[in-house]
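# Observations on the three-dimensional arrangement
Listed below, chain by chain, are the residues.
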Amino acid sequence: MQVFTHASVATIDANSDGYGLIEDAAVVIDGDRIVWVGETKSLPADYASAPATDLGGRLVTPGLVDCHTHIVYGGDRAREFEMRLEGAGYEEIARAGGGIVSSVKNTREADEASLLKTALKRVDHLLAEGVTTLEIKSGYGLSIDSEMKMLRVARLIGEQRPVHVVTTWLAAHALPPEYKDDRAGYIRDVVIAGMDRAHAEDLIDQVDGFCEGIAFSPDEMALVFDHAAKLGLPIKLHAEQLSDLHGAKLAAERGALSADHLEWLGQDGVDAMAKSGTVAVLLPGAFYTLRETVYPPVQALRDAGVPIALATDANPGTSPLTSLLLTMNMGATIFRLTPAECLTAVTRNAAKALGLTDRGTLAAGQRADLAIWDVQHPAELTYRIGFNPIHARVFGGKLV
């Protein structure tokens, strides 16, 4: 049993306003679960006699959850960064054979060992900022073997680092050159057939796709979602990033865990997400990198009661970002979320976006995933830029 006392604890309780902050609080952990949270002065006698760690007023939050990443890939796309600064647009780069497809060659050529080595460097940056749960997508292989290779690497990350990894099948990310004249064949032969194979090897936790003019249509994504449902796999969708194809509405009507990006989201999508409980995952890193000008409808999402999450979207081309703390600052500065909304967005709502109900808040019965910070008020986590005040991370009840 571990007892932490004299902390400022942001419980992120859904039944309280803002942070659910408890001043001069204690947290009691038994095994990998939280068994008690409350004011230090009210610590039950059964726990008061146990050895305790005095946190001296430090802040304790739930371990952070990065619910949308593409962190396993080969190579980099620094040259495309230059091209964008020289005036090329995202669609122009993609249609010229760049963008997502430009990462495919390097990812296909890399073996698992090299993909793991480079991915761990990026993952370690996230863990050093208090992340305890991490979603990792495929999507840069665009062939069955390469997509499965990426997901095997994702599983290895969860074995080699103290972090819970959720894997996502994203073969419907882009159309590879060899299928440029056979869209239906790619959906059938790679996206769906590969989903079967990867599911049989227990490599998939959920299924995603990119619904956009430069990627896949709502009708094509419907086929993918239908097959995911047959396998009992939850779904999510990259939607309304560059235009409004009503992908978020489609995903929400299928009970999607989340719809992500959402800059061009219309009211029909907002209403559908509110009805289904689908989480809106906003990705300010991509918005910033692409210098977008159309903002996600944050107020409409608030008004409708749609849960809002934030994530890094860590990827080589449009969001080379491996800081969830910076993501929080961007969420506030660019999208005008409040600091309380930002912390909720990378804890409780991010966990909900992954279908995880046992983390993201600090309460009895929840997983003992905690972040301990050298700050006294949670607003400081969003306020600072380029500063990491982490003191310690607790993963599954173990101090790491």
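Residues numbered from 1 in each chain as written. Predicted model: local features only at pLDDT ≥ 70, side-chain atom pairs only at ≥ 80, totals over all residues. Heavy atoms only, no water.

The protein chain has the name Imidazolonepropionase in an unreviewed UniProt entry, where Paracoccus sulfuroxidans is given as its organism.

### Focus: the UniProt feature "binding site: 4-imidazolone-5-propanoate" (unreviewed entry) in the protein chain
Per the UniProt annotation, the sites labelled "binding site: 4-imidazolone-5-propanoate" (unreviewed entry) are Arg77, Tyr140, His173, Gln241 and Thr318. Looking at the element boundaries, Gln241 is found in the loop between strand S10 (236-239) and helix H9 (247-253). Gln241 gets classed as buried once you look at its relative accessible area, which sits at 3%. Relative to the assigned elements, Thr318 resides in the loop between strand S13 (308-310) and helix H13 (324-333). (UniProt positions renumbered as here; feature names shortened; annotations may be inferred. Helix = DSSP H or I, 4+ residues; strand = E, 2+ residues; numbered from the N terminus. Buried < 20%, exposed > 50% of the residue type's maximum accessible area, 1.4 Å probe, protein only.)

### Things to note about the layout of surface pockets
For the second largest pocket, the calculated volume is near 260 Å³. Taken together, Gly18, Arg302, Gly305, Val306, Pro307, Ile308, Ala340, Glu341, Thr344, Ala345, Arg348 and Asn349 make up the lining of the second largest pocket. Per element, the largest residue contribution to the lining of the second largest pocket is 4 residues, and it comes from helix H14 (residues 339-345). Of the residues contributing to the lining of the second largest pocket, the split by class is 5 nonpolar, 4 polar and 3 charged. (1 Å grid on protein atoms, 1.4 Å probe; cavity = no way out; pocket = protein on both sides within 12 Å on 5 of 7 lines; lining within 4 Å. Points joined across faces, edges and corners; volume = space filled by probe spheres on them. Nonpolar A, V, L, I, M, F, W, Y, C, P; charged D, E, K, R; others polar.)

### Details of helix H8 (residues 218-230)
Given a rise of 1.5 Å per residue, 13 residues ought to cover 18 Å, and the 18 Å separating the end C-alpha atoms of H8 matches this to within 8%. For H8, the complete set of buried residues consists of Glu220, Met221, Ala222, Val224, Phe225, His227 and Ala228. Close packing links the buried residues of H8 with strand S8 (164-172), helix H7 (183-200), strand S9 (206-211), S10 and H9. (Expected span 1.5 Å × (residues − 1). Contact = heavy atoms within 4.5 Å.)

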